[in-house]
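Coordinate analysis (summary)
These are the residues of each chain, in order.
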Amino acid sequence: MKKSITLFIIIFIMISGVSAQITFSGILDSTVSMNIGAEDSPAFSCGIEEFANIRFQARIQDKATVFGAVNLIAASGNNALAMAGMGIGFFNENFASVIELERLYFRLRGEHVDIDGGLFRLPFGYGQVWGPSDFLNPKNPLKPDARPRAILGTALIWYPADELKLLAFYSAPRDPFSNEGEGSFIGFSLDKHWVLASIQGLYSFETPYDNFKLGVHRIGFSLKADIIVGLVIDALYTYNHEAGFTADGLSFSIGFDSSFFDGDMIFLIEYLYNGKTSSTAEGFGGNFSNNHYLYTGLTWIFNSFTNMNIALISSFDDISFTPIVSLNHDLFQGAALTVSVQVPFDLDTFYGVNLSTKLRLRF
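Residues numbered from 1 in each chain as written. Predicted model: local features only at pLDDT ≥ 70, side-chain atom pairs only at ≥ 80, totals over all residues. Heavy atoms only, no water.

Residues Asp-175, Glu-180, Glu-182 and Asp-210 make up a contiguous surface patch of negative charge. Here Glu-180 is to be found in the loop between strand S8 (164-171) and strand S9 (185-193). Judged by its relative accessible area of 66%, Glu-180 is exposed. (Patch = residues over 30% accessible without salt bridge, like charges linked within 9 Å, V, L, I, M, F, W, Y side chains within 5 Å. Areas by Shrake-Rupley, 256 points an atom, 1.4 Å probe, with all protein chains shown as cover. Salt bridge = Lys/Arg side-chain N within 4 Å of Asp/Glu carboxyl O. Lys, Arg positive; Asp, Glu negative; His and termini not counted. Charge placed at Lys NZ, Arg CZ, Asp CG, Glu CD. Helix = DSSP H or I, 4+ residues; strand = E, 2+ residues; numbered from the N terminus. Buried < 20%, exposed > 50% of the residue type's maximum accessible area, 1.4 Å probe, protein only.)

Attention now moves to the environment of Ser-133. Looking at the secondary structure, you find Ser-133 in the loop between strand S6 (113-120) and strand S7 (151-161). Assessed through its relative accessible area of 1%, Ser-133 is described here as buried. Between the alpha carbons of Ser-133 and Ser-222 there is a distance of 7.4 Å; along the sequence they are 89 residues apart. Setting aside residues no more than four positions away along its own chain, Ser-133 makes contact with Phe-124, Gly-125, Leu-202, Phe-221, Ser-222, Asp-234, Ala-235 and Leu-236. (Contact = heavy atoms within 4.5 Å.)

The phi torsion at Glu-163 lies on the positive side, around 65°, for a residue other than glycine. In this fold, Glu-163 is placed in the loop between S7 and S8. Phi at Phe-261 takes a positive value of approximately 55°, unusual for a residue other than glycine. Locating Phe-261 in the fold gives a position in the loop between strand S13 (250-260) and strand S14 (265-274).

Let us look at the nonpolar core. Judged by nonpolar contacts, the single largest core of 15 residues is most densely connected at Leu-122, Phe-124, Phe-135, Leu-136, Ala-155, Leu-167 and Phe-169. When contributions to this core are tallied by element, the ones reaching two or more residues are S7 and S8. Looking at this core element by element, the count peaks at three residues for S7. Discounting chain neighbours no more than four positions away, the residues touching Phe-169 are Leu-122, Phe-124, Leu-136, Thr-154, Ala-155, Phe-185, Ile-186, Gly-187, Phe-188, Leu-202, Tyr-203 and Ser-204. Core analysis: the second largest hydrophobic core is formed by ten residues, Leu-272, Phe-288, Ile-313 and Ile-324 among them. (Core = buried A, V, L, I, M, F, W, Y, C linked by side-chain atoms within 4.5 Å.)

In structure tokens:
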């Protein structure tokens, strides 16, 4: 961790020494959370977290840009226990803290070709909730505000025609100590956009590692279209020779969204089929253990400053539900207050209530 921050500072000093236009921005989140337990959980617990994401961008003439971002976290209570459970953080008398390098990469611009390299976000697919195609940066609808993780690698982007993008990429293995490159990702994607629709094709090969002696293939597509309603289809199939061709390798989602009352109400529904060895499965890069999930969300915009989101995440396999309600209010430009409640339960068990209040400042 210290080496990462040292590298960040060295890069920043180097950039400061050249003719570059440097801009800074970021967010500061102050969060208080409370849990009302049930079953074997404590009757009441709480946590406090101070989170800052500080970003910089430095343009070097018109040909290159350097990007960076650092996360600074201080926490106590439940939030500090979560850090301890992940084996991260510095633990002091009053709080636990983390300094994390989140982004550090360059972008070289050409007339029709761009090159990205370093620690950067490499997203795939158009899925709004589940994101089967986004296998390098898995989504979690229980944490909608979470910043997507980055990959360490490089990407070559070619724009051969208007609204057409070809991308080739390399990503380092998930195991950072793999010094022989086992489990590296290489692949390519194609994006084509029209006025009312967009489509993406994706292929990736993960080089042999551990029990996957012949590597892992991933192939998928994603489609979004603005017809009577907004339609999104996202699918990725994961194939390895040991498992053969089975439905367990498929992750597939389909969703619809639409607005009513002159845009004041937005409705979103998205279904996920999660194969046991697919990109969204727990233990294979994803977060989900069941096969069938449904997300139903409703956003009501009261005015330019206030809106409410109501969502229900359901699993058909164990008949479990997680209602999520959040109220968002802009206090003034650059400051927003969010109050949210999550209540997970199934037919047999009530797991308690999680309530959080977050003040977000943008700078």
